[in-house]
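A closer look at the structure
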Amino acid sequence: MTIDKELTTSSLNCLGVATEEGKQVLLVGLKEGFRDKPQYARSLKREFSQCHDFCHPHLIKYLRFEETSPYGPCIVMEWEDARTLADFMRESHTEEEKKAVIVQVAEAVGYLHSNGFVHGALSADTVFVTKKGNQVKLLNFRPRYSDSLRMPHEVTAYLAPEAKDGTVALDARADIFSLGVMVKEINLGPDYEGVVAGCCSYGRYQRYESTDAFLSALEHRRYSRPSSSSQSEEGRNNRTKLIIGAVIALLIVALIVFFNSNSKTETEAKQASTEQTDSAKSTAPESEQAAPAAPDDSDASPQSAAPTPNAGTPTSAGNDFLTTLVPQMQKDIDRIYAPYAGRDLTPAEKAQLSRRRSRYYRGLRRTLKGKTPDEMAAFDKAFADYVKQKNAQ
C-alpha cells in the first residue's frame, strides 16, 4: 500500500492517505520512533476494538486493523478528500456555513454519547471538513502523546480542565467544553457569547449536560444557567450517591467482621465460660494473644507482600471472606487506575499512582488486622495478582 500524502499531527500517531482498489483510505498508525513499543500498539488496537462498530454520517468509519508496510500496525478508515477544521477556520465562510459545521460536529458527538462513549480529544485537528460540500467527518480517535512529544497548546486549548488533570472520569460535559471552544474559535460572533459561556465553565456542572441542550442553545443564541432549584436537586442527588456509597462500604466491613467472627466462634467457646461471654467479645483469649502476630503493614505494598508457604487461595477453606472482598477490591483498583488508562505515564504520574495504590492497600490490611497469617497471605496474593494484571494492560 502506497501513501499518497501524510497529514500533519503533533502526536506520536501518524496519519496517511493511501489508495486501495481505486478508493482512498486513511491509515492511523505510529510514528517510526514508537512502532517498536508494544504499549502503543496495544493502545492502537484498543481504540479499534472500542470504536469499529460506530456508524454515523459525520464520523470517519473504522474498516479494519492490520499490519501495513509503511506504518506497521494501523487502523484503516474510510476517507474523503478533506481539510482540518483548523484549515477551514482560516478560510472565508458565512455564518450559516460555520454554524452548519458546528451542528454536524455536535450531532456526531451526540451519537457517541448515546452509545456510551466520550470522545475526550475534540479539537480543530480531529475534525475534518470535506472539500466537496463542507461535510463534517469527525476522527473518532484519541491521539497519544509521550514525554518526548508534548501536547501542543493548539490541542490543550480545546480540552476541559478535568481532561487535562485526569482528576475524574470524563463524561459528556468534557466534549461540551470542546464544542464551546470551537464556537469561539470559528468566530460566530458576539451573539453566541452566551453559548460559549454555557459550554466553557470551569465547573462541569455549570455546562450544558447534553448535545441536545447545546444545539438548542446554539439555535436560539442564548444560555440560561441552571436554576437554584435544579442545582439543589443536583446537590441532593450527589449527597444520595455519597450516602449509598457509604452504606455499601459499611456492608462490606460488616461482612468481613461476620466471617472473621465465625472463624473464631469455636475457639472462643472453649476458652470462655458462660459468665465471661460478654467480656470475651471485647477481650481476645490468652491463646489468641500468644499467637504469632500478623505481618507488620506499616511499609506494606503490593510489591513487597510475599505469601507464606502453603498459603491459602481465595477459594481455599478458611478464606471464604475473599469471595466477598475480592470483587469489590478489584472495582476499587479499577477506579484507581482509570485516570491513567491507555497513556504513557510520566515519572510523576507513576509515583502518584503508586501512592494511591499503596494507601488503599494499607487501608485494607488494617481492616483485615484480625486475620491469620495464612489468610493475610491469601489476601496479599489476590491483591498483588490483580495489580500485576492491571500493570500489564
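Residues numbered from 1 in each chain as written. Predicted model: local features only at pLDDT ≥ 70, side-chain atom pairs only at ≥ 80, totals over all residues. Heavy atoms only, no water.

The next subject is the sheet that holds strand 7 (residues 127-130). Backbone hydrogen bonds hold the strands of a sheet together, and the pairing may be parallel or antiparallel. Spatial ordering of the open sheet is given by 6-7-8, a layout of three strands whose pairing is antiparallel. Each end of this open sheet is capped by a strand with a single partner; those strands are strand 6 (82-84) and strand 8 (136-138). Taking the axes of each pair of neighbouring strands and ignoring which way they run, one obtains an average angle of 35° across the sheet. Of the pairings in the sheet, the one linking strand 7 to strand 8 comprises three bridges and is antiparallel in character. Bridging across to strand 8, Val127 finds its partner in Leu138. Against the sheet, helix 3 (residues 95-114) contacts strand 7 and strand 8, and its axis sits at roughly 35° relative to strand 8. (Pairing = 2+ DSSP bridges. Helix = DSSP H or I, 4+ residues; strand = E, 2+ residues; numbered from the N terminus. Axes fitted to C-alpha atoms, helices over the stretch in contact; angles between N-to-C directions. Contact = heavy atoms within 4.5 Å.)

Right, let's get into the pattern of salt bridges. Enumeration over the complete set of coordinates arrives at 17 salt bridges. Between Asp171 and Arg173 there is a salt bridge, with its nearest N and O atoms 2.5 Å apart. In this pair, the class of Asp171 matches that of Arg173, namely buried. Its salt-bridge partner being Arg221, residue Asp191 comes within 3.0 Å of it at the nearest N-O pair. Of this pair, Asp191 sits in the loop between helix 6 (172-185) and helix 7 (193-199) while Arg221 is found in the loop between helix 8 (211-220) and helix 9 (228-271), placing the two residues 30 residues apart along the sequence. Asp191 sits in the partly exposed class, given a relative accessible area of 46%. Connected through salt bridges with shared partners, the residues Lys5, Asp81 and Lys131 form a single ionic network. (Salt bridge = Lys/Arg side-chain N within 4 Å of Asp/Glu carboxyl O. Buried < 20%, exposed > 50% of the residue type's maximum accessible area, 1.4 Å probe, protein only.)

Read across the sheet, five strands follow the order 1-2-3-5-4 without closing on themselves; strand pairing throughout is antiparallel. Across the chains shown, the open sheet's two edge strands, defined by having one partner strand only, are strand 1 (3-7) and strand 4 (62-68). The sheet shows a mean angle of 30° between the axes of neighbouring strands, taken without regard to direction. Across six bridges, the pairing between strand 4 and strand 5 (residues 72-78) is antiparallel. Across the sheet, residue Arg64 finds its bridge partner in strand 5, namely Val76. Contacting strand 2 (13-20), strand 3 (23-30), strand 4 and strand 5, helix 1 (residues 38-51) runs over the sheet at an angle of about 155° to strand 4.

Now for the layout of surface pockets. Estimates place the volume of the second largest pocket at around 470 Å³. Taken together, 22 residues make up the lining of the second largest pocket; nearest its centre are Ala86, Arg90, Ala124, Asp125 and Glu154. Its residues assigned to classes, the lining of the second largest pocket comprises 11 nonpolar, four polar and seven charged. (1 Å grid on protein atoms, 1.4 Å probe; cavity = no way out; pocket = protein on both sides within 12 Å on 5 of 7 lines; lining within 4 Å. Points joined across faces, edges and corners; volume = space filled by probe spheres on them. Nonpolar A, V, L, I, M, F, W, Y, C, P; charged D, E, K, R; others polar.)

Moving on, we come to the packing of helix 12 (residues 321-337) against helix 13 (residues 347-367). Where helix 12 meets helix 13, the axes come as close as 10 Å, and the angle between the chain directions of the two elements is 160°. Judged by the angle between their axes, helix 12 and helix 13 are roughly antiparallel. With respect to the hand of their crossing, helix 12 and helix 13 are arranged in right-handed fashion. Seen from helix 12, the contacting residues are Leu325, Gln328, Met329, Asp332, Ile333, Arg335, Ile336 and Tyr337; seen from helix 13, they are Leu353, Arg356, Arg357, Tyr360 and Leu364. Here the residues of the contact of helix 12 with helix 13 sort into eight nonpolar, one polar and four charged. (Parallel < 35°, antiparallel > 145°, perpendicular 65-115°, else oblique. Left-handed = near helix turned anticlockwise from the far one by under 90°.)

A few words now on the environment of Gly198. When you line up the elements, Gly198 lands in helix 7. Separated by 21 residues in sequence, Gly198 and Phe177 place their C-alpha atoms 8.5 Å apart.

A surface patch of nonpolar side chains, about 290 Å² in accessible area, is lined by Ile243, Val247 and Leu251. Mapped onto the elements of the fold, Val247 is located in helix 9. Val247 sits in the partly exposed class, given a relative accessible area of 43%. (Patch = residues over 30% accessible without salt bridge, like charges linked within 9 Å, V, L, I, M, F, W, Y side chains within 5 Å. Areas by Shrake-Rupley, 256 points an atom, 1.4 Å probe, with all protein chains shown as cover.)

Glancing now at the state of the cysteines. Tallied over the entire structure, the rule returns zero disulfides. The closest cysteine sulfur to the non-disulfide-bonded Cys14 is located on Cys74, 5.8 Å from its own sulfur. (Disulfide = S-S within 2.5 Å.)

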